[in-house]
Amino acid sequence: MKKFWLSRWTRVLLFSLCLVPFLNLLWRVYRNNLTANPIEFITHRTGDWTIRFLLITLAVTPFRRILNQPQLIRFRRMLGLFAFFYACLHLATWIWLDKDFDTHEMWEDVIKRRFITAGMTGLLLMAPLAVTSTAGSVRRLGYRRWQLLHRSIYFSALAGVVHYYWLVKSDIRLPAMYGGILGVLLLYRFGAGFVNGRKSVPATRPLHPPADARG
Ligand code: HEM
């Protein structure tokens, strides 16, 4: 199993899988198959994948401990960057297709519509994480400070869930489900799982500092 996780091909396979939603979107654009409301469709698709990738990134640590597969940590950075990639597409859709670069209207939205404020908060919290996701940043910031900064991914996910909860009109099942998953991940990370997990899986910082420290 260890060999499988460490293989370059596993990384290539995962990278390709993460690109599937984006390629699917491109295919739909090419085929002009974006439903009667293309802007809404693209906004929803990219928003959905942003929250999913955020939660998948946060799930890496619990899974590597539960399954006793420390090598899984190798993929966390890539998954986190994909969350940021889909968030940027989501934001670009809003700025370009929805608001047509109207800065006044955008600013009005950010301060008056609370779900936009929450979404923007989530995205702004992700940006420093993406910028400092390299090994060089860990050296420059120092491991402890870098790790503290990267804990903000939990706040970003929380802002994403609140954003989703505030924007839905009546059916809150999906935002509630994402909120529930985030709650479990938080409990695991900072609760009993944290203590038990440290016992079962040794820290892998020397293997891959940027990925290991995050979350
Ligand atoms: C952490 C960052 C963010 C996450 C996780 C996120 C997630 C989501 C999700 C899950 C949806 C609903 C998708 C669906 O109904 O299928 C959504 C919708 C939307 N998001 Fe975001 N979003 C984020 C940031 C932003 C930002 C920065 C903006 C714009 C400033 C934005 C604008 C919107 C809009 C306009 C909608 C559609 C609202 C509607 O249908 O009425 N989001 N987002």
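Residues numbered from 1 in each chain as written. Predicted model: local features only at pLDDT ≥ 70, side-chain atom pairs only at ≥ 80, totals over all residues. Heavy atoms only, no water.

### Overview of empty space enclosed by the protein
By the definition in use, this model includes 2 cavities of 30 Å³ or more. Each pocket or cavity is described by its volume, and for the second largest cavity that value is around 30 Å³. Lining of the second largest cavity is provided by Pro21, Phe22, Leu25, Arg45, Thr46, Trp49 and Tyr86. Taken together, the elements giving at least two residues each to the lining of the second largest cavity come down to helix 2 (8–30) and helix 3 (38–66). Residues of the lining of the second largest cavity, tallied by class, amount to 5 nonpolar, 1 polar and 1 charged. (1 Å grid on protein atoms, 1.4 Å probe; cavity = no way out; pocket = protein on both sides within 12 Å on 5 of 7 lines; lining within 4 Å. Points joined across faces, edges and corners; volume = space filled by probe spheres on them. Helix = DSSP H or I, 4+ residues; strand = E, 2+ residues; numbered from the N terminus. Nonpolar A, V, L, I, M, F, W, Y, C, P; charged D, E, K, R; others polar.)

### Brief notes about the packing of helix 4 (residues 76–98) against helix 6 (residues 114–131)
Close contact between helix 4 and helix 6 brings their axes to 10 Å; oriented N to C, the two are set at 135°. In terms of their interaxial angle, helix 4 and helix 6 are classed as oblique. Remark: the crossing between helix 4 and helix 6 carries left-handed chirality. Listed contacts from helix 6 to Leu81, Ala83, Phe84, Ala87, Cys88, Leu91 and Trp94 of helix 4 are Ile116, Met120, Leu123, Met126, Ala127 and Ala130. When grouped by side-chain class, the residues that make up the contact of helix 4 with helix 6 number 13 nonpolar, no polar and no charged. (Axes fitted to C-alpha atoms, helices over the stretch in contact; angles between N-to-C directions. Parallel < 35°, antiparallel > 145°, perpendicular 65-115°, else oblique. Left-handed = near helix turned anticlockwise from the far one by under 90°. Contact = heavy atoms within 4.5 Å.)

### Focus on the coordination of the iron atom of the ligand
Bound to the iron atom of the ligand are the protein donor atoms His90 (NE2) and His163 (NE2), situated 2.0 Å from the metal. Coordination at the iron atom of the ligand comes from 6 donor atoms whose angles at the metal span 87 to 179°, giving a geometry best classed as octahedral. With His90 in helix 4 and His163 in helix 9 (residues 153–167), the pair connects residues that are 73 residues apart, well separated along the chain. The class of His163 is buried, set by a relative accessible area of 14%. (Donors = N, O, S within 2.8 Å, 3.2 Å for Na, K, Ca; no water. Tetrahedral: all angles 85-135°; square planar, octahedral: opposite > 155°, others 65-115°. Buried < 20%, exposed > 50% of the residue type's maximum accessible area, 1.4 Å probe, protein only.)

### A look at the nonpolar core
Ranked by size, the top nonpolar core spans 30 residues in total, and within it Phe53 and Leu58 carry the most contacts. Every element with two or more residues in this core is listed here: helix 3, helix 4, helix 6, helix 9 and helix 10 (173–190). Ranked by residues supplied to this core, first place goes to helix 3 with 7 residues. What Leu58 contacts, discounting residues up to four positions off in sequence, is Ile153, Tyr154, Ala157, Leu182 and Leu185. Listed in part, the 5 residues of the second largest apolar core include Trp94, Val110, Phe115 and Ile116. (Core = buried A, V, L, I, M, F, W, Y, C linked by side-chain atoms within 4.5 Å.)

### Notes on the site of the ligand
As a matter of local geometry, the ligand sits amid 19 residues, with His44, Asp48, His90, His163 and Leu167 nearest to it. His44 places a polar side-chain atom, nitrogen or oxygen, 2.7 Å from an oxygen atom of the ligand. Interatomic distance of 2.8 Å between a side-chain N/O atom of His90 and a nitrogen atom of the ligand. For the shell around the ligand, the elements supplying multiple residues, two or more each, are helix 3, helix 4, helix 6 and helix 9. Each residue belonging to the shell around the ligand can be placed in one class, and the counts come to 9 nonpolar, 9 polar and 1 charged. (Near = heavy atom within 4 Å. Polar contact = N/O pair within 3.5 Å; in protein donor to acceptor, adjacent residues only side chain to side chain.)

### Quick notes on the layout of surface pockets
Here the largest pocket defines a volume of roughly 930 Å³. Around the largest pocket, the lining comprises 34 residues; the ones closest to its centre are Thr43, His90, Phe115, His163 and Leu167. The set of elements that each furnish at least two residues to the lining of the largest pocket consists of helix 3, helix 4, helix 6 and helix 9. Sorting elements by how many residues they give to the lining of the largest pocket places helix 3 first, with 10 residues.

### Considering helix 3
When the terminal C-alpha atoms of helix 3 are compared, their 41 Å separation across 29 residues agrees well with the 42 Å that a helix rising 1.5 Å per residue should span. When the local axis directions of helix 3 are compared, the greatest deviation, roughly 35°, occurs at Val60, which is followed within four positions by the proline Pro62. A positive backbone phi angle near 55° is found at Asn68, which sits one or two residues after helix 3. (Expected span 1.5 Å × (residues − 1). Bend = angle between axes of the 7 residues up to and from the residue.)

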